[in-house]
There are 2 protein chains.
Amino acid sequence: MIVPETTLALPVDVVPLGGLREFGMNTMAITCGDTTIVVDAGVMFAEPDLPGVDLVVPDLAYLEGLGHKVAAVFLTHGHEDHIGGLPYLMPLVEGPVYGSRLALALVENRLEQHSIDVRGRLKPVAPRERVQVGPFTIECLRVTHSMPDCLALAIHTPAGVLVHTGDFKIDHTPLDAETTDLPRLAELGQQGVLALFADSTNVDRPGVAGSERDVIDGFEEIFTSTAGKIVVAMFASSIHRMQILVDLAAQFDRNVAFVGRGVIDNSETAQRLGLLRIPSGVQIRDSEVRNFPGSDVVCITTGSQGEPAAALSRIAIDDHRFVKVDDDDVVVFSARAIPGNERAIGRVMNHLALRGADVIYEGQKHIHVSGHGHVEELKLMHSLVRPKYFVPIHGEYRQLARHARVAQTVSRGTEILVIDNGDVLRFDGEGAAIEGRAEVGRRLIDGTRTGEVADEVLRDRKHLAGDGLIVPMLAVNMQTGELAGTFEIITRGFVVDEASEALLRDATAMIRDAVRAAPIEERTDVGLLRERVRSELQRVLRRKAGRRPLIVPVVMEI
Amino acid sequence: MIVPETTLALPVDVVPLGGLREFGMNTMAITCGDTTIVVDAGVMFAEPDLPGVDLVVPDLAYLEGLGHKVAAVFLTHGHEDHIGGLPYLMPLVEGPVYGSRLALALVENRLEQHSIDVRGRLKPVAPRERVQVGPFTIECLRVTHSMPDCLALAIHTPAGVLVHTGDFKIDHTPLDAETTDLPRLAELGQQGVLALFADSTNVDRPGVAGSERDVIDGFEEIFTSTAGKIVVAMFASSIHRMQILVDLAAQFDRNVAFVGRGVIDNSETAQRLGLLRIPSGVQIRDSEVRNFPGSDVVCITTGSQGEPAAALSRIAIDDHRFVKVDDDDVVVFSARAIPGNERAIGRVMNHLALRGADVIYEGQKHIHVSGHGHVEELKLMHSLVRPKYFVPIHGEYRQLARHARVAQTVSRGTEILVIDNGDVLRFDGEGAAIEGRAEVGRRLIDGTRTGEVADEVLRDRKHLAGDGLIVPMLAVNMQTGELAGTFEIITRGFVVDEASEALLRDATAMIRDAVRAAPIEERTDVGLLRERVRSELQRVLRRKAGRRPLIVPVVMEI
């Protein structure tokens, strides 16, 4: 690698803007001289603790203050926590966005929805390909994960080589035969790696995550023993999982329907790129499911996290346009429960069981494997890369701290730096040190729950007083689902003039009607009911008044 | 068994009042003629979906409408979801409360706090003991569970024998050598059991739960490898777990301190009854922990569910009077996460990791076993008892439905009745059928979070308008923990006269001061901050005005 002489003496600053001491919004800036590249641009899904907020992205003040634009963005793979923040980053970028074909296909639509012109700026890269950006040479390396086409990065800088693992596990038998590039990682390790930045997500789990193929036996049992429909809920990006179900469906003479926006879009994209292969005659449309006997159908669907608006939640309360579940059917939750979603998932499972379906989830049968390496895989990475410095990334503080302990057991020679978002980690000829703090934080975004991504707006919470707070209060009889007493709306900081007063009065009636029209299972489920009230009110206020107040429904049982 | 002839023709009605299609508030009424007995009187801890509510107990309208008082209560064991509702049931009871010595010791204090005179009415029963109540003969049978001294019941009625398992697993090597009475269950099965009512909690889990002893190896590893303090959080009723830790502490020359009200009270009770044996010189007081080097100490504490007020949460943010954790210390979460608590638990873990402690939980090491039998243990129960009818209890709908499927695989001859709270299940000479519905529901209770159990009041939510709603709104900088902008309080249905207005004004200032005085980790943790504001405001309003409005804090990040 030839490095221009003038930059040889320049230090390299690495600044994580998100993804440390938290899960999600993985974003890291790397600067040398007046060249900055950014690795990943992720979102985080909001905690229930933050009512009215749907998405969280990193505050990019640090990048704004650099005095130059970002020269290039590198996406390790196509998950939302690595690409979902790109629309908010793009205004600060003047160069290309590099990523695998799948990752770029997934971001393309999203950027267009934000009216960001990306023609010619999305540059697909292949494993072992190298890209030169100013003083950096970025080398892309194949890693395995829960979706196809994922990359780690070896970033050759004037200060040395930085290895960023992205999300990875070490699947020796991936469905697409594209294994983690252990040989090149080993070679880099032999040649000398300055610093390793590695995924800490599953550091708490013993052993290894296992291959994506490991779920085949569990699903085979289900295909063998199920008389009716098989409905499988998964993350919309689980292309490998889709392939396994398509192959089993073909083998067992069932048809496959994708049900729910996320899996429909992603399966189309993956098919177009040759990453999902569906034998002809196997796929049917969601609207055709009812034309086939249950024994002939597999539905691949969204809603594994109990999201009220997802297809599976609608199916569970018998409120889906095309798909019903009955006595002989089996519903499989082929995903882990993200912490905080357990109760919502449990409610969906109860509704499905009430319809007569047999509900199967992780723990009962082996129908999910994680995409993040467990502790033995992390040790293998450390053992091969043997970096001078190690910085744990992707995890809450306890995962980062444990990853530091694990790294120490593998090599006592590595210096470990448990840093935080905003720490300016400087590498120069002398070594590595934290050289100050960048301004970091979170920006809260609402609006995606309704699916109106194009309407999405950044909302600075300092201006909340302008939009105001609305607390709709309902009293509901949880046995019958009847609204009891009056339906009240409390407002604060929401400018109430004559027009908006009338609007609120109308909204009250509309929500009352909407609740009454909802299925009893929705009306007697506090979580679903709150979401129904919230989204109805949000929709009305947005359409009729262009207002986006914070809406915090309070449901009282009587 | 001799049954008075006059009752021979009378049918037996079994009415579950709680614990079906839900976890918690297990309560079941059994009536023959004018004799009613109640098995268990449990509470449920409220979902986060119900702000301002701490406890939920069953509506007892059915019992009120019987025309006679309850002749006796039988408690299967001392867990809150089986005994916590007793204070609300007692006004309807004219006879004794039967239970094991431990269960009765645990209820005794609680009843006294409610000013319910229990002198002479709490009757300890031993395994294989029989109690006659009108036409019923109730036979107590030992079962193993996560605490000592648990019972199943064989209720001999004019219609036949009903077996109620209580909570159970089949631990072949319990610490106290008191094994589940499989011989008597088998004998009853041979003689003919009319109906089995069995715990469904863990029907989803394969294999067997395992013995309480199974955690010893995991803890031994921790005792061997830990240089500093060992802090173990557990449910306050986990007396077996306490015994294991006491024994290991003695073996490894450490002292044991109980830290937190729940474990202090329960360990005292268990010692008094001879169910927890602590060698002399091993136990120290919580206030003495700081006088010993960490290497000499084990703390047994509360807070395994991330409860903000529990000892472990205070320790985690370095706000505990007696106990600090440091670099060499290990904190073990020796309990499962109850669904819905995962995020709160994760926050406490992060705070502990930030203090330098190594945090260990289920999944990393085998340091917890469940007290509820897994599917193979449930099959054993069915296989021994071979009932004519089977009614799954203790579980949400999906667990009851799965338990029905499991029972079917064991015996195709058993008739399975998946019923609901309020179903009047009648057994007569002819068979069993649902003969109508009893009025059931939930009563919501607030107040226990502050520990002021004596102050606890039943609050009928229909009267909520009288107490009103208070929404304190804070804006906080989540980086610095500084309060930003104004601290506002919105009220509704809270009668605001001059006095209460002044009170609210004072309260606002007091809360602002309390927040400012809190450690930064508490101020930058949305969950802890909301709980701090809620409990402060509740305390002030209760003391100064005797008011108990619903308090729903809204915290906005800026």
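All of these numbers come straight from a predicted model, not from anything done at the bench.

## Section: the overall build of chain A
(1) Moving on: Along the backbone of chain A there are 16 helices and 29 strands.
(2) Moving on: Residue burial in chain A is summarised as follows: out of 558 residues, 62% are buried.
(3) Moving on: Across chain A, the fraction of contacts at a sequence separation of at least 24, relative to all contacts at a separation of at least 6, is 73%.
(4) Moving on: A total of about 20800 Å² of accessible surface is found on chain A, and carbon and sulfur atoms cover 47% of it.

## Remarks on the packing of aromatic side chains
All names here are of chain B.
(1) Moving on: Following the criterion strictly, the structure yields 6 aromatic pairs over all chains and no others.
(2) Moving on: Both rings, one in Phe-74 and one in Tyr-98, keep their centres 4.8 Å apart while their planes meet at 15 degrees; by these two values the pair is stacked. Placement of the pair is Phe-74 in strand S6 (residues 72-74) and Tyr-98 in strand S7 (residues 97-99), with a sequence separation of 24 residues.
(3) Moving on: Each ring, one from Tyr-389 and one from Phe-427, has its centre 5.9 Å from the other, and the planes form 65 degrees; the classification is edge-to-face. One end of the pair, Tyr-389, is in strand S20 (residues 389-393); the other, Phe-427, is in strand S22 (residues 423-427), with 38 residues separating them in the sequence. Comparing Tyr-389 with Phe-427 shows no difference in burial state: the two are buried.

## Section: the domain arrangement of chain A
All names here are of chain A.
(1) Moving on: If you check the domain split of chain A, you get domain 1 (5-207 + 370-446), domain 2 (212-361) and domain 3 (467-557).
(2) Moving on: For domain 2 and domain 3, the distance between their C-alpha centroids amounts to 32 Å.
(3) Moving on: Of the roughly 730 Å² buried where domain 2 meets domain 3, counting both sides, 54% is carbon and sulfur surface.
(4) Moving on: On the surface where domain 2 and domain 3 come into contact, there are 1 salt bridge.
(5) Moving on: The partner of Arg-314 in a salt bridge is Glu-522, with the nearest N and O atoms 3.2 Å apart.
(6) Moving on: The interface formed by domain 2 and domain 3 holds 1 residue pair in polar contact (both at pLDDT 80 or more) in total.
(7) Moving on: When residues in the side of domain 2 that touches domain 3 are grouped by element, the largest group, 3 residues, is from helix H10 (residues 342-354).
(8) Moving on: Tallied by class, residues from the side of domain 2 that touches domain 3 come to 4 nonpolar, 1 polar and 4 charged.

## Focus on the pattern of salt bridges
(1) Moving on: Going through the model one piece at a time under the given rule, you end up with 48 salt bridges over all chains.
(2) Moving on: Of the charged contacts in the structure, one is a salt bridge between B:Glu221 and B:Lys365, with a shortest N-O distance of 3.7 Å. In this pair, B:Glu221 sits in helix H6 (residues 216-225) while B:Lys365 sits in the loop between strand S19 (358-361) and helix H11 (375-385), placing the two residues 144 residues apart along the sequence.
(3) Moving on: Taking relative accessible area as the criterion, B:Glu221 reaches 46% and is therefore assigned partly exposed.
(4) Moving on: Through salt bridges that share partners, A:Arg130, A:Glu139, A:Arg184 and A:Glu187 make up one connected network.

## Structural notes on helix H4 (residues 101-113) of chain B
In an α-helix, one full turn covers 3.6 residues, which means residues spaced three or four apart are oriented alike.
Residue and element names in this part refer to chain B.
(1) Moving on: Here H4 spans 19 Å end to end across 13 residues, near enough to the 18 Å set by a 1.5 Å rise per residue.
(2) Moving on: Within H4, burial applies to Leu-102, Ala-103, Leu-104, Ala-105, Leu-106, Val-107 and Leu-111.
(3) Moving on: On its buried side, H4 packs onto helix H2 (80-83), helix H3 (86-89), S7, strand S8 (122-124), helix H7 (239-251) and helix H8 (261-272).
(4) Moving on: Phi turns positive, to about 55 degrees, at Ser-115, one or two residues after H4.

## Remarks on the UniProt feature "binding site: Zn(2+) 1" (unreviewed entry) in chain A
Residues and elements named next belong to chain A.
(1) Moving on: In this structure's numbering, the residues bearing the UniProt feature "binding site: Zn(2+) 1" (unreviewed entry) are His-77, Asp-81, His-82, His-145, Asp-167 and His-394. Spanning 318 residues, the annotated positions come together in the fold, the maximum distance between their C-alpha atoms being 14.3 Å.
(2) Moving on: You can see Asp-81 is positioned in helix H2 (residues 80-83).
(3) Moving on: Setting aside its immediate chain neighbours within four residues, Asp-81 contacts Gly-24, Met-25, Asn-26, Gly-42, Val-43 and Asp-167.
(4) Moving on: Following the sequence through the fold, His-394 ends up in the loop between strand S20 (389-393) and helix H12 (397-410).
(5) Moving on: Under the relative-accessibility criterion, His-394 is labelled buried at 5%.

## Points about the side chain of A:Ser200
(1) Moving on: Structurally, A:Ser200 can be placed in the loop between strand S13 (195-199) and helix H6 (216-225).
(2) Moving on: If we ignore the near neighbours within four places in the chain, the residues touching A:Ser200 are A:Pro392, A:Ile393, A:His394, A:Gln399, A:Leu400 and A:His403.

## Let's talk about the sheet that holds strand S14 (residues 230-233) of chain B
Residue and element names in this part refer to chain B.
(1) Moving on: As summarised here, the arrangement of the 6 strands in space is S16-S15-S17-S14-S18-S19, forming an open sheet in which the pairing is parallel. The open sheet has two edge strands with one neighbour each: strand S16 (283-284) and S19.
(2) Moving on: Across 5 bridges, the pairing between strand S15 (residues 255-259) and strand S17 (residues 297-301) is parallel. Across the sheet, the residue bridging to Asn-255 is Val-297, located in S17.
(3) Moving on: Sitting on the sheet, H7 touches S14, S15 and S17, and the angle it makes with S15 is about 150 degrees.

## Description of the sheet that holds strand S16 (residues 283-284) of chain A
All names here are of chain A.
(1) Moving on: As summarised here, the arrangement of the 6 strands in space is S16-S15-S17-S14-S18-S19, forming an open sheet in which the pairing is parallel. If you trace the sheet from one side to the other, it starts and ends with S16 and strand S19 (358-361), each paired once.
(2) Moving on: Here strand S14 (residues 230-233) runs beside strand S17 (residues 297-301); their pairing, made up of 4 bridges, is parallel. Opposite Ala-233, over in S17, you have Thr-301 as the bridge partner.
(3) Moving on: Across the sheet, H10 lies against strand S18 (330-333) and S19, angled at about 170 degrees from S18, the strand it touches most.

## Some details on the packing of H6(B) against H7(B)
All names here are of chain B.
(1) Moving on: The contact between H6 and H7 brings their axes to 11 Å, and the two run at 40 degrees. When the axis of H6 is compared with that of H7, the two are oblique. In this structure, the crossing between H6 and H7 has a hand that is right-handed. Residue-level inspection shows Ile-216, Phe-219, Glu-220 and Phe-223 of H6 in contact with H7, the latter providing Arg-241, Ile-244, Leu-245, Leu-248, Ala-249 and Gln-251.
(2) Moving on: Looking at the contact of H6 with H7 residue by residue, the classes come out as 7 nonpolar, 1 polar and 2 charged.

## Re the packing of helix H5 (residues 182-191) of chain B against H11(B)
Residues and elements named next belong to chain B.
(1) Moving on: Closest axis-to-axis distance for the H5/H11 pair is 7 Å, and the angle between their directions is 45 degrees. When the axes of H5 and H11 are compared, the pair comes out oblique. Facing H5, whose interface residues are Leu-182, Leu-185, Ala-186 and Gly-189, H11 presents Leu-380, Met-381, Leu-384 and Val-385.
(2) Moving on: Class assignment of the residues belonging to the contact of H5 with H11 gives a composition of 7 nonpolar, 1 polar and no charged.

## Considering the pairing of S20(B)
Residue and element names in this part refer to chain B.
(1) Moving on: S20 sits mainly inside the fold: 5 of its 5 residues count as buried.
(2) Moving on: In S20, alternate side chains face the same way, and those of Tyr-389, Val-391 and Ile-393 on one face and Phe-390 and Pro-392 on the other are all buried.
(3) Moving on: Judged from the 5 bridges that link them, strand S13 (residues 195-199) and S20 form a sheet pairing that is parallel. Counted as the bridge partner of Leu-196 is Phe-390 from S20.
(4) Moving on: Viewed along the sheet, the connection from S20 through helix H12 (residues 397-410) into strand S21 (residues 415-416) turns out right-handed.

## What to know about unusual backbone geometry
Across the chain, the bulk of peptide bonds are trans and the bulk of non-glycine residues have phi less than zero.
All names here are of chain A.
(1) Moving on: The phi angle at Arg-128 is positive, at roughly 70 degrees, despite the residue not being glycine.
(2) Moving on: Summarising the element assignment, Arg-128 is placed in the loop between strand S8 (122-124) and strand S9 (130-133).
(3) Moving on: Among the residues examined, Arg-128 registers a relative accessible area of 48% and is labelled partly exposed.

## Brief notes about the environment of B:Thr173
Residues and elements named next belong to chain B.
(1) Moving on: Mapped onto the secondary structure, Thr-173 falls in the loop between strand S12 (160-164) and H5.
(2) Moving on: Separated by 335 residues in sequence, Thr-173 and Thr-508 place their C-alpha atoms 56 Å apart.
(3) Moving on: Non-local contacts of Thr-173, meaning those with residues more than four positions away in its chain, are made with Ser-211 and Arg-213.
(4) Moving on: Side chain to side chain, Thr-173 and Ser-211 meet in a polar contact 2.9 Å long.

Conventions adopted
- Residues numbered from 1 in each chain as written.
- Chains lettered and ligands numbered in written order.
- Predicted model: local features only at pLDDT ≥ 70, side-chain atom pairs only at ≥ 80, totals over all residues.
- Heavy atoms only, no water.
- Helix = DSSP H or I, 4+ residues; strand = E, 2+ residues; numbered from the N terminus.
- Buried < 20%, exposed > 50% of the residue type's maximum accessible area, 1.4 Å probe, protein only.
- Contact = heavy atoms within 4.5 Å.
- Areas by Shrake-Rupley, 256 points an atom, 1.4 Å probe, with all protein chains shown as cover.
- Phe/Tyr/Trp six-rings, centres within 6.5 Å; stacked < 30°, edge-to-face > 60°.
- Domains from an automatic or database assignment.
- Buried area = accessible area lost by both parts, 1.4 Å probe.
- Salt bridge = Lys/Arg side-chain N within 4 Å of Asp/Glu carboxyl O.
- Polar contact = N/O pair within 3.5 Å; in protein donor to acceptor, adjacent residues only side chain to side chain.
- Nonpolar A, V, L, I, M, F, W, Y, C, P; charged D, E, K, R; others polar.
- Expected span 1.5 Å × (residues − 1).
- UniProt positions renumbered as here; feature names shortened; annotations may be inferred.
- Pairing = 2+ DSSP bridges.
- Axes fitted to C-alpha atoms, helices over the stretch in contact; angles between N-to-C directions.
- Parallel < 35°, antiparallel > 145°, perpendicular 65-115°, else oblique.
- Left-handed = near helix turned anticlockwise from the far one by under 90°.
- Right-handed = clockwise from strand over helix to strand, strands pointing away.

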